[in-house]
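Okay, here's what each chain looks like letter by letter:
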Amino acid sequence: MESHKESLIRFIESIEDNDVISRERNRTESTSNVSEKNIPPVNPQIVRELGVRLERTAKDLDGMLRFLEKETGKMSKHTTTFVDIHSRAVDDISDVTDGAVKAMYSLLSKAAVMQRDLTKIEMMSSHLKSINKYLERLDTH
């Protein structure tokens, strides 16, 4: 299959050979009453310059496409990296939250044990106070 560059070069060469121009003139003469005097001659230097500019434009477009492809690859790599970082951060936060919840339940359990023990101590204190009152009554009698 012929590349774009090769087809452009072939097209320009055909223009330089006046092949396309003569076909266009024949078509114009057959479809309208325009005389050849109104059609200016084609300057071959302009055609060559046009070919050079077309090649330069094609190279520039190829360069831009390569640049865009490279930048798109970088963006894809960065996106993958950011998604991985986000995933690890979510996992770390989940682990920390899980640990905090377990510590909270442990603390609540210890507080319940302390409350139960304090209740026993209060009961013992109450018994000691009543014993103390009883002893004081015995001493006073």
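Another aspect to go through is the overall build of the protein. In terms of regular secondary structure, the protein is built from three helices and zero strands. Counting from the amino terminus, the protein carries its helices and strands in the arrangement α-α-α. Across the 141 residues that make up the protein, the buried fraction comes to 5%. Accessible surface for the protein amounts to roughly 12800 Å². Of this, 61% is attributable to carbon and sulfur atoms.

In total, this model carries three salt bridges according to the counting rule given. Note that E71 and K74 form a salt bridge whose closest N and O atoms lie 3.4 Å from each other. A residue pair is termed a helical-turn pair when its members lie 3 or 4 positions apart in one helix, as E71 and K74 do in helix 3 (residues 44-140) at three residues. Of the residues examined, E71 reaches a relative accessible area of 26% and is grouped as partly exposed. Since its relative accessible area comes to 41%, K74 is described here as partly exposed. For D98, the salt bridge is made with K102, and the minimal N-O distance between the two is 3.3 Å. Remark: K102 and D98 occur in helix 3; sequence separation between them is four residues, near one turn of the helix. When its relative accessible area of 55% is taken as the criterion, K102 is described as exposed.

Here we take up helix 3. Across its 97 residues, helix 3 extends 139 Å between first and last C-alpha, which sits within 8% of the 144 Å expected from 1.5 Å per residue. The backbone nitrogen of Q45 lies 3.0 Å from a side-chain oxygen of the residue at the head of helix 3, namely N43.

This brings us to a nonpolar patch on the surface. On the surface, a cluster of nonpolar side chains totalling about 520 Å² of accessible area is made up of L128, I131, Y134, L135 and L138. Mapped onto the fold, I131 is located in helix 3.

Confidence in the prediction of the protein, expressed as mean pLDDT, is 84, and 79% of residues score 70 or more. Summarising per-element confidence for the protein, the mean pLDDT is lowest in helix 2 (residues 19-31) (56) and highest in helix 3 (93).

Secondary-structure assignment places F11 in helix 1 (residues 4-16). Here the alpha-carbon distance between F11 and G51, two residues 40 residues apart in the chain, equals 9.3 Å.

Definitions and limits used
- Residues numbered from 1 in each chain as written.
- Predicted model: local features only at pLDDT ≥ 70, side-chain atom pairs only at ≥ 80, totals over all residues.
- Heavy atoms only, no water.
- Helix = DSSP H or I, 4+ residues; strand = E, 2+ residues; numbered from the N terminus.
- Buried < 20%, exposed > 50% of the residue type's maximum accessible area, 1.4 Å probe, protein only.
- Areas by Shrake-Rupley, 256 points an atom, 1.4 Å probe, with all protein chains shown as cover.
- Salt bridge = Lys/Arg side-chain N within 4 Å of Asp/Glu carboxyl O.
- Expected span 1.5 Å × (residues − 1).
- Polar contact = N/O pair within 3.5 Å; in protein donor to acceptor, adjacent residues only side chain to side chain.
- Patch = residues over 30% accessible without salt bridge, like charges linked within 9 Å, V, L, I, M, F, W, Y side chains within 5 Å.
- pLDDT = per-residue confidence, 0-100.

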